[in-house]
Amino acid sequence: MIDIAPIIRDVPDFPKEGIVFKDITPLLTNPAAMKDIADRLAELFADKQIDLVAGIEARGWIFAPLLAERLGAGFVPIRKPGKLPYKKISRSYGLEYGTNTIEVHTDAVQAGQRVLMVDDLLATGGTMVAACELIEELGGQIAGVAFVIELSFLPGRAKLDKYDVTTLVQFDGE
Ligand code: AMP
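Residues numbered from 1 in each chain as written. Predicted model: local features only at pLDDT ≥ 70, side-chain atom pairs only at ≥ 80, totals over all residues. Heavy atoms only, no water.

> Outline the packing of aromatic side chains, listing residues and values.
A complete count under the given rule lists one aromatic pair for this structure. Aromatic pair phenylalanine 14 and phenylalanine 21: ring centres 5.2 Å apart, planes at 85°, arrangement edge-to-face. Assessed through its relative accessible area of 43%, phenylalanine 14 is described here as partly exposed. Above the face of the phenylalanine 171 ring, lysine 22 is positioned so that its terminal group lies 3.8 Å from the ring centre. (Phe/Tyr/Trp six-rings, centres within 6.5 Å; stacked < 30°, edge-to-face > 60°. Buried < 20%, exposed > 50% of the residue type's maximum accessible area, 1.4 Å probe, protein only. Lys NZ or Arg CZ within 6 Å of the ring centre and 35° of its normal.)

> Quick rundown of the pattern of salt bridges? Include the residues and the values.
By the definition in use, this model includes eleven salt bridges. Arginine 9 is the partner of aspartate 23 in a salt bridge, and the nearest nitrogen-oxygen pair spans 2.8 Å. Taken together, the residues aspartate 23 in strand S2 (residues 20–23) and arginine 9 in strand S1 (residues 9–12) connect sequence positions 14 residues apart. By relative accessible area, arginine 9 is classed as partly exposed at 42%. Of the charged contacts in the structure, one is a salt bridge between lysine 35 and aspartate 39, with a shortest N-O distance of 2.5 Å. Taken together, the residues lysine 35 and aspartate 39, both in helix H2 (residues 31–45) and four residues apart, mark about one turn of the helix. A relative accessible area of 47% means that lysine 35 is categorised as partly exposed. (Salt bridge = Lys/Arg side-chain N within 4 Å of Asp/Glu carboxyl O. Helix = DSSP H or I, 4+ residues; strand = E, 2+ residues; numbered from the N terminus.)

No statement about biological role is implied by the geometric values presented.
This is how it looks when you write it as structure tokens:
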């Protein structure tokens, strides 16, 4: 197992003052680390009968298709507003300042399908809660929620407590 924590770069005051941004680009150029991440997550969900892996734009899209391929599942893109061309549903959620919206195509998930949700990082959990609600609105079953990174000093995990949440590396302070 590779210790991925030291490969993640802290960028202070990005995108705004006071935020320590967890930059995953050094991970992306490290093939052994990427393989380890995909192998570990795939192993955790191998026996969970995953039909689809849903990834949240944009960094969730890096990891979700790797997992989908390993699990023999399809990939569902959850997108920022105005990008999806076909019939879609939307969910808005609050941020510290203002709101965000994410969308998914109405035919991306069939009722009863088991969906693994993926994003790069769990912070407050607002993005992932909205994503899970979109999938549930389409009749999908959330079979698990996976992140590479968890900021465990924020209440994201508590917000997702009705789901089975997996994270590979936890940071408990900035
Ligand atoms: P949240 O909805 O608060 O859990 O935020 C999660 C989303 O925001 C993820 O898609 C992350 O990529 C991004 N994000 C939030 N905080 C950070 C951070 N400190 N470093 C990098 N990405 C972050």
